[in-house]
Amino acid sequence: MGMQKAEALARSWKEAFASVNAPFVFGFAAALAWMSTFYSTASADGGIAPVTGSATSDAYLASLAIIFVVDLAAALAPQTALHAIGLLGAWGPSAAMATGTLMLAGSSLAGLDLPALSLGGILLAGAASALFLLRWALTFGAMPVRAMFPSLILAYILSSGINVIMPLSNAYTVAGVSFVLPFVSLVCLKQGERHLERGWFDRYRIERKGASAQRAGTTRIKDAQTEATRQETAQTETTRKETFPTGMLARLCTAFVVWAFVNRMLRGEYEAVIGYESSASFAVAHALATIAITVIIASIMCLFLARPKRFRFEHVYRVFFLFSLMGTVMLPMADGRASALLAYACNTAGYQIFCMFMWVIIAASCHNYVRSATRFFGITGGSWSLGAIGGTLLGTLPTLGQARPSDAMSSAFVMAAVMALALCYTLAFTERDAGLLADIIPSKHKTPFKDACRSIGERAGLTPRELEVMTLIAQGRNSTYIQEKLFLSRSTVQTHRMHLYQKLGIHTKEELLDLLERERTALRNR
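Throughout what follows, the structure given in this document is the object of discussion. (Residues numbered from 1 in each chain as written. Predicted model: local features only at pLDDT ≥ 70, side-chain atom pairs only at ≥ 80, totals over all residues. Heavy atoms only, no water.)

Our focus in this paragraph is the overall build of the chain. Assigned secondary structure in the chain consists of 22 helices and zero strands. For the chain, the proportion of its 526 residues judged to be buried stands at 54%. At a minimum sequence separation of 6, the contacts of the chain that also span at least 24 residues come to 82%. Per element, the accessible surface of the chain, about 23,600 Å² overall, is 63% carbon and sulfur. (Helix = DSSP H or I, 4+ residues; strand = E, 2+ residues; numbered from the N terminus. Buried < 20%, exposed > 50% of the residue type's maximum accessible area, 1.4 Å probe, protein only. Contact = heavy atoms within 4.5 Å. Areas by Shrake-Rupley, 256 points an atom, 1.4 Å probe, with all protein chains shown as cover.)

Okay, here's the thing in structure tokens:
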């Protein structure tokens, strides 16, 4: 029995990573790694970018500010943002990122006293990177589910590995790598899109055509489409009518703000304890964090592949909360560089897993909520930028011109970080919220069940809301869960239940399950 389980797990691993889009892995990793290398370019010393150094801190804040503005514009005018990406193409943002790197490097490394040149490079690269990441998010949303998440996970692990090397490099090497990375990401993006059945822009064009057809009261499907494509189109048209739940979005954005704020606020504390002059120390810390991330993600993947029905997404949320909390609590107890490095590695691992979690949710939302994908990216990305800006500003205060912050100030900041994480975890965005949020993640294992629900709903003339209620009832959810999931009152849930039972000609939940089982059997036999 144990050998059979091991063989089944090995097959699951092989299936999970057989569909990985390798160009996307390398391309997205390059895009993520560019962020840290670009900020390091502002420092004439190279290595790791210090948040407390005036040049790098100013560059980081200016870049975050323009990223926040672009994300806000995408949230308020999503159609304009999409048209901008379509007009610029993939070459435009990547070329602007590389140009901004040259402008910043020319000012900081060449010894040119041209503040306007540095600021121009920072703003240009920051705005372009925001559009480039939006392009990546929409592209991931267009990927098949079986390839989306393994590709994202591998890309994050690879980018963490790149961060291990950068602290050991000199300033000119960092600047050169920062210049090349946008083009590497671009080439991989274009190469990876060849393996997609539909790119992000085609999904957008289908959305516009679908909206026009809906206004005209007609729907046209080409005869050349296969049955699988017809089912996918029907599912996509259903999800396009939905938007991400407002209450859940508010709680999710709160988590983004808090985690980004805490990470950037404590960055200066870690640097003061470890010592910025020791780039090798930061390389060791990033190496430990990368190993921790790899082990954690591999363990989570094993649990998911071995027992997918028992897997709970809230467990992942618990892991990166505990790592972030552990790294924060360990900081005041650090009596030397070694213990500070361990604390920094724990905090970095927790934050990187959180960022991975954030991108998984963004990609899943772009896949499920096509109509509001750009707005969702703008709101969540803007929330992260806002938290990072606040944390960076506050993180520069403890030193107040000193080589190292006072013990009282450090203790106050650590206590504030612990309280912020604890309140976010227990009140703002809880494990229960993480579990509810996992329902938006598409999974090929859910498709037959949802196909059966959709087929029954269309035949019985159920409304979209009645179809949602019926699906949750069939999944074993009670009225309280349905209320929280769909943001409905108890009486409204009962009314929907009564109406859908009448339309289906049933009286109990058992009859509903029997009806779904017969429908799934019929669909499999087609």
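One non-glycine residue, Phe487, lies in the positive phi region at around 60°. For Phe487, the location among the structural elements is in the loop between helix H20 (479-486) and helix H21 (490-504). Phe487 gets classed as partly exposed once you look at its relative accessible area, which sits at 41%.

Ranked by size, the top nonpolar core spans 140 residues in total, and within it Phe28, Leu252, Trp259, Phe357, Trp359, Phe429 and Met470 carry the most contacts. If you tally residues by element for this core, the top one is helix H14 (residues 337-368), at 18 residues. Ignoring anything within four residues of it in the chain, the contact list for Phe429 reads Met248, Arg251, Leu252, Ala255, Tyr317, Phe357, Cys424, Ala434 and Leu437. (Core = buried A, V, L, I, M, F, W, Y, C linked by side-chain atoms within 4.5 Å.)

Moving on: a nonpolar patch on the surface. A cluster of nonpolar side chains, namely Met415, Met419, Leu423 and Leu427, defines an oily patch on the protein surface of about 430 Å² accessible area. A relative accessible area of 43% means that Leu423 is categorised as partly exposed. (Patch = residues over 30% accessible without salt bridge, like charges linked within 9 Å, V, L, I, M, F, W, Y side chains within 5 Å. Salt bridge = Lys/Arg side-chain N within 4 Å of Asp/Glu carboxyl O.)

A separate point is the packing of aromatic side chains. The full count for this structure, using the stated rule, is 21 aromatic pairs. Through a chain of ring-to-ring contacts, three or more aromatic side chains come together here, namely Phe256, Trp259, Tyr317, Phe321, Tyr351, Phe354, Phe357, Tyr425 and Phe429. Between the NZ or CZ atom of Arg477 and the centre of the ring of Tyr481, over which it lies, the distance is 4.0 Å. (Phe/Tyr/Trp six-rings, centres within 6.5 Å; stacked < 30°, edge-to-face > 60°. Lys NZ or Arg CZ within 6 Å of the ring centre and 35° of its normal.)

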